[in-house]
Amino acid sequence: MGYPYNLDFDFSALEGLQKFSINNLGDPFIESNYGVHSREFEVGVLQWFARLWEIDQDDYWGYITNCGTEGNLHGILVGRENLPDGILYASHETHYSVFKAARMYRMDSVKVKTLKSGEIDYDHFREVLVTNRARPAIVNVNCGTTVKGAVDDLDRVLQILRDCGYNEDRFYIHVDGALFGMMMPFIKKAPRVSFRKPIGSVSVSGHKFIGAPVPCGVVITRQKYVAALSNDVEYLNSRDATIMGSRNGHAPIYMWFTLTRKGYEGMRKDVERCLRNAHLLKSMLEQAGVTVMLNELSSTVVFERPKEEAFIRKWQLACEGDVAHVVVMPNIHIPKLEEFVQDLVASRARHFTRAALQVASEARAACSDDSDYEC
Ligand SMILES: Cc1ncc(COP(=O)(O)O)c(C=O)c1O
């Protein structure tokens, strides 16, 4: 329940493909000499996302990554190659892969404070931009933070950049949409993740909301930006602009299979159900006396960390400090939520009973004899 993986899938129709070593090495749009590939499926998936994030076929470039982390590493590299002197800005609650990218690429980076919700602190962001005005800005915008599911307000970030005197050729925005990049376009009141706005790249994980038996993801950027990191490689007879060399050729087929089967409408229904069930879980936990937080656009239900380690392990909860979360995914239905809450209530009762008896046993140990204790 703690990790955002949609386990509701059935790829048995594709089992026969396991006997092939499918590898999409090189550029998805340029065929290499290796013949066992799934480039047509990869491009099909990319088109699906290009339409979702509103970028024309001739203007985008992208590929199927091994995971959301690779998408972040790529997006930030594209930013760095286009603005070599840029400073990376990302909020304190950003996924660790973003600051890892800064270390790998030896970029200067600034950790921006966060609000209680987990969103970037807009005032602090403005302050650090003003301080570093002489250098371009490469900004990671979170579309769903890992722990609290917080969504940074992209329009507000863009407005602050403009207010601080950063023209479009002096900033690059990478949107880390590991989980919600896929969900937000289907939520009416959510701000749009769209290349009609001056953003540079968006990445998502494929094994999260879509669901796949192997980790995978998608990154999309603008064609005009990717030239800065492309090299022709004679050995591949293709172009190198990806982070990895060999690339999983099964993953695009899994993703294509699900996206084609469900379509935009199927995805929208999944998103709606997850948000509804997340609200239901929040109410159930509140009724049970548990302190809960749920961001408006999120299906990540954050609550006080359960005390019993065995309970945390049983439900595979992700914990940070004194909070834990459940990410309500399409495979989590109401009976599972009921079972979870019942088990949590029982776990809390066991813990509090043990704690109360511990107090009594300490009191008993402190008394010189049983008659003192009885008094
Ligand atoms: C916000 C965010 N970004 C990036 C990632 C990394 O994704 P992956 O595990 O697919 O590498 C995660 C993973 O949970 C995440 O929550």
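The model shown is predicted, which means the values in this text are computed figures rather than measured ones.

*Asks:* I'd like to hear about the domain arrangement of the protein chain, residue by residue, with values.
*Replies:* Here the domain parsing of the protein chain yields domain 1 (12–263) and domain 2 (264–366). Using only C-alpha atoms to locate each centre, domain 1 and domain 2 end up separated by 31 Å. A buried area of about 2,100 Å², summed over both sides, lies between domain 1 and domain 2, and 71% of it is on carbon and sulfur atoms. The three residues of domain 1 that bury the most area against domain 2 are Val147, Phe186 and Phe209, which together make up 30% of that side's buried surface. The tally of links between domain 1 and domain 2 comes to two salt bridges. A salt bridge links Lys262 to Asp270; the shortest N-O distance between them is 2.7 Å. When residues of the side of domain 1 that touches domain 2 are traced back to their parent elements, those giving at least two are helix H1 (39–52) and helix H7 (250–287). A per-element tally of the side of domain 1 that touches domain 2 places H7 first, with four residues. Split into classes, the residues belonging to the side of domain 1 that touches domain 2 amount to 17 nonpolar, five polar and six charged.

*Asks:* Any details on the site of the ligand? Residues and values, ideally.
*Replies:* Surveying the vicinity of the ligand reveals the residues Cys67, Gly68, Thr69, Asn72, His95, Gly144, Thr146, Asp176, Ala178, Ser205, His207 and Lys208. In the environment of the ligand, an oxygen atom lies 2.8 Å from a nitrogen or oxygen atom belonging to the backbone of Gly68. The side chain of Asp176 places a nitrogen or oxygen atom 2.6 Å from a nitrogen atom of the ligand. Among the elements that make up the shell around the ligand, the one with the highest residue count is helix H2 (residues 68–82) (three residues).

Rules used throughout
- Residues numbered from 1 in each chain as written.
- Predicted model: local features only at pLDDT ≥ 70, side-chain atom pairs only at ≥ 80, totals over all residues.
- Heavy atoms only, no water.
- Domains from an automatic or database assignment.
- Buried area = accessible area lost by both parts, 1.4 Å probe.
- Salt bridge = Lys/Arg side-chain N within 4 Å of Asp/Glu carboxyl O.
- Helix = DSSP H or I, 4+ residues; strand = E, 2+ residues; numbered from the N terminus.
- Nonpolar A, V, L, I, M, F, W, Y, C, P; charged D, E, K, R; others polar.
- Near = heavy atom within 4 Å.
- Polar contact = N/O pair within 3.5 Å; in protein donor to acceptor, adjacent residues only side chain to side chain.

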